[in-house]
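Spelled out, the chains give:
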Amino acid sequence: MGLTRVPGLLFGGDYNPEQWPEEVWDQDVRLMAEAGVNVVTVAVFSWSRLETAPGVFDFGWLDRILDLLHAHGIAVDLATATATPPPWLVRRHPGLPPVDAAGTRLEFGSRQGYCPSSPVFREGTRRLARAMAERYRDHPALVLWHVGNEYGDHTVECFCEESARDFRRWLQARYGTLDGLNAAWGTSCWGQHYTDWTQLAPPRKAPGPVNPAQVLDWRRFSSDALLACFEAEREVLKEVTPDIPVTTNFMSILHHLDYWKWAAAEDVVSDDAYPDPADPRAAVKAALSYDLMRSLKQQPWLLLESAPGAVSWRAVNVPKEPGVMRLHSLQALAHGSDGVMFFQWRQARYGPEKFHSAMLPHGGTDTRQWRETLALGADVRRLAGVAGSGTRAEVALLLDWESWWGLEAPESLPSDRLRLHALLLSWYAPLHARGIAVDLAPPGRDLSGYKVVIAPNLYLCTAEQAADLAAFPGRLVVGPFSGVVDAADQVHAGGPPGPLRELLGLRVEEFWPIPDGLTQDVLAQDVPAEGAPTPGAPGRGAPGLGGRTLTARTWSEWLELDDAHVLARYRGGPLDGRPAVTRRGAVTYLGCLLDDPSPVLDEVLDAAGVTGVTGAKPPAGVEACRRGDHLFLLNHGAAAATVPLPASGTDLLTGRHLHGSVVIAPRDAVVLKL
Ligand SMILES: [Zn+2]
């Protein structure tokens, strides 16, 4: 069963017919059919064109385009059109636009110009969603609901009085009493003891650093407030059209929204992914975010937006070289997407995105872009059998949004250089290079199916989370600055690693962040044998990390060991001779950030018997992914690569039968049906 009732993979993009005279529509649908487009996203920013005055709806144009699309066999991902409230609503309700931390109310004229806590906004979106659902409930083109658009892109939070009232209600529900809140927030510090709920406010711009516990709750509240906007619409849609799946387009790995909570409220996870063609690490960053999307609901997801070429919102917007649109699209499929969709179908002639690329560019059909669009449509049809298949990962990376928010709180930490996305990438990149499938997981998810779990950072770690990790039967790797605070951002009694102390067999006595530009040598010791070998695992006790010099940067810690072995020690510097990397049982701890953690990682993977999907590390630049019985081999490199094949099979892109090995040209790919 696919994500929608459209068979096979979805192929299409955002379509904004209201930006074009109707005589263009016939050409649009004819060219869509030629390209193999089977779904388009419609009406994302159409509120002002659909509800022209309070309760006055004009659905005529939308009726006509939905009928026309359906007549050409094209399904519709129908937006509820609530991403931007219309001018008449904003002018009638001057309190609707969001207010920034300094108290400035933002003007109308862009998008997402709403306060998430505004009752006027939420009531308006429910009214429009109901009108849309009731009008199109039986329309045969409707296959997916698209609520809002890229929540948290522009409006992450709002500091207005309405939001302050909503925040107070949220705090009352969380803490019950002011005593509870005062204790959790540690308001005895800096004279912040609250005696009445009305004294509480968002963490607005203040003379100096604000209470980090207040900021952490504000992050939780702000994610929840936007989620409530989504859920208000979803509730209406589910009431009127219970069988149509509901999604909202995520923005890859976004700091502000707890996507674990959000995904639980969706039927389908979808993502807007815009890797920068000018970034040499674009492929690995995209792979990480795609693996998150697949992991959010542990099922296939949908690449709902991507750029055929250049975007329009970076300082410098580099196009995709020939073949790169196809390669990036295949990469999303390899990581679990059940479709390839773009922003947008026809390139706009006006507005802030008029230079954003499109499947059909300004130049029309006699263009490289259009020819690549046609070719990609044909490739997507060849891969229809991939739809619905899953990925089996033996390695999981832990990602917890609350811990992330605490880790990157402003102006109160030993170092502001620890950034979670970079920490995740530092572990993900070597796994990716080895062709090892990786899931992401929140603390609390059942991890028993994994052989290796890596927690790059768990700054915030509760006793329950620590107990879950202690119960994990496989090999666990924990990164530095973990187990530091509890859910209220208070340092655990006795200091870090708090509830992880017994599991790691050590305590962290002092943090020693490393100043920018400096490094710290770390000398690896021999790895101690772990007792009886695991049945079926390679018989390697001490694979010989010993004698290797590793490089730490940004962060180190003064560790005192209870009953852990030393895998590596600092050499030179203020921590000379002290433990840097340790192990207790099957748990490895790094008290520092290594430039390249591969030597430690490789030893853990080898001991756990984890290999890549091809059985060996692919050549540099080649990405290898297994999805169901399909092996994707993607050459992101600048040179041809010879890749040994683990089994023979048919390349679905060319129809060739392959065995032994295959040579893949730069920016080319093979999808082997095993
Ligand atoms: Zn507000």
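Since the model is a prediction, treat every value here as computed from it, not as a measurement.

Peer 1: Pulling in residues and values, what's your account of the sheet that holds strand S5 (residues 75-79)?
Peer 2: Overall, parallel pairing links the nine strands, which are arranged S7-S6-S5-S2-S1-S11-S10-S9-S8 in an open sheet. Two strands close off the open sheet at either side, each with one partner strand: strand S7 (246-247) and strand S8 (249-250). Both strand S1 (residues 10-15) and strand S2 (residues 39-42) contribute to a ladder of four bridges, which runs parallel. Across the sheet, residue Asp14 finds its bridge partner in S2, namely Thr41. Where helix H12 (residues 368-382) meets the sheet, it contacts S1 and strand S11 (337-342), and its direction lies at approximately 140° from that of S1.

Peer 1: Account for the packing of helix H10 (residues 282-296) against helix H14 (residues 420-433), with residues named and values stated.
Peer 2: Put simply, H10 and H14 touch, their axes get as near as 10 Å, and they point 100° apart. Taken together, the axes of H10 and H14 are roughly perpendicular relative to one another. Residues Ala283, Val284, Lys285, Ala287, Leu288 and Asp291 of H10 lie in contact with H14, whose contacting residues are His421, Leu424, Leu425, Tyr428, Ala429 and His432. Among the residues forming the contact of H10 with H14, the class breakdown is eight nonpolar, two polar and two charged.

Peer 1: Can you explain the pattern of salt bridges? Please cite residues and give values.
Peer 2: Between side chains of opposite charge, pairing is possible as soon as their charged atoms come close. Under the criterion given, the structure shown has 50 salt bridges. Close ionic contact of Arg91 with Glu107 constitutes a salt bridge, the shortest N to O distance being 3.4 Å. Linking Arg91 in helix H4 (residues 87-92) with Glu107 in the loop between H4 and helix H5 (119-136), this pair joins segments that are 16 residues apart in sequence. Accessibility classification places Arg91 together with Glu107 in one group, the exposed group. A network of salt bridges, in which partner residues are shared, links Arg174, Asp217, Arg220 and Glu402.

Peer 1: Could you give me a rundown of the layout of surface pockets, with the residues and numbers involved?
Peer 2: What the largest pocket holds in volume is close to 780 Å³. Contributing to the lining of the largest pocket are 24 residues, with Gln19, Phe45, Ser110, Pro352 and Glu353 lying nearest its centre. Partitioning the lining of the largest pocket into residue classes produces ten nonpolar, ten polar and four charged. The volume enclosed by the second largest pocket comes to roughly 550 Å³.

Peer 1: Requested: an account of the state of the cysteines, with residues and values cited.
Peer 2: Within the structure shown, the criterion is met by zero disulfides. Cys115 supplies the cysteine sulfur nearest to Cys229, a cysteine that is in no disulfide, at a spacing of 8.1 Å.

Peer 1: Residue-level account of the environment of Pro116, with values.
Peer 2: As for its placement among the helices and strands, Pro116 is situated in the loop between H4 and H5. For Pro116, a relative accessible area of 3% gives the class buried. Residues Pro116 and Ala437 lie 321 residues apart in sequence; the distance between their C-alpha atoms is 37 Å. Residues within four places of Pro116 in sequence aside, it is in contact with Arg122, Thr155, Cys158, Ala225, Leu226 and Cys229.

Peer 1: I'd like a rundown of the packing of helix H6 (residues 161-175) against helix H8 (residues 212-240), residues and numbers included.
Peer 2: Across the interface, H6 lies against H8 with an axial gap of 10 Å and an inter-helix angle of 105°. Relative to H8, the element H6 lies roughly perpendicular. Where H6 approaches H8, its residues Ser163, Asp166, Phe167, Trp170, Leu171, Arg174 and Tyr175 are matched on the opposing element by Gln214, Asp217, Trp218, Arg220, Phe221 and Asp224.

Peer 1: Describe unusual backbone geometry, listing the residues and the values that go with them.
Peer 2: Residue Gln344 follows Phe343 across a cis peptide bond; omega there is 0°. Mapping Gln344 onto the fold places it in the loop between S11 and H12. The omega torsion of the bond from Pro496 to Pro497 falls at 5°, within 30 degrees of zero and hence cis. You can see Pro497 is positioned in the loop between strand S15 (475-478) and helix H16 (501-504). Positive phi outside glycine occurs at Phe481, with the angle close to 55°. Position of Phe481 among the secondary structure elements: in the loop between S15 and H16. Phi is positive for Thr554, close to 80°, though the residue is something other than glycine. Looking at where Thr554 falls in the secondary structure, it is placed in the loop between strand S18 (549-553) and strand S19 (557-561).

Conventions and cut-offs
Residues numbered from 1 in each chain as written. Predicted model: local features only at pLDDT ≥ 70, side-chain atom pairs only at ≥ 80, totals over all residues. Heavy atoms only, no water. Pairing = 2+ DSSP bridges. Helix = DSSP H or I, 4+ residues; strand = E, 2+ residues; numbered from the N terminus. Contact = heavy atoms within 4.5 Å. Axes fitted to C-alpha atoms, helices over the stretch in contact; angles between N-to-C directions. Parallel < 35°, antiparallel > 145°, perpendicular 65-115°, else oblique. Nonpolar A, V, L, I, M, F, W, Y, C, P; charged D, E, K, R; others polar. Salt bridge = Lys/Arg side-chain N within 4 Å of Asp/Glu carboxyl O. Buried < 20%, exposed > 50% of the residue type's maximum accessible area, 1.4 Å probe, protein only. 1 Å grid on protein atoms, 1.4 Å probe; cavity = no way out; pocket = protein on both sides within 12 Å on 5 of 7 lines; lining within 4 Å. Points joined across faces, edges and corners; volume = space filled by probe spheres on them. Disulfide = S-S within 2.5 Å.

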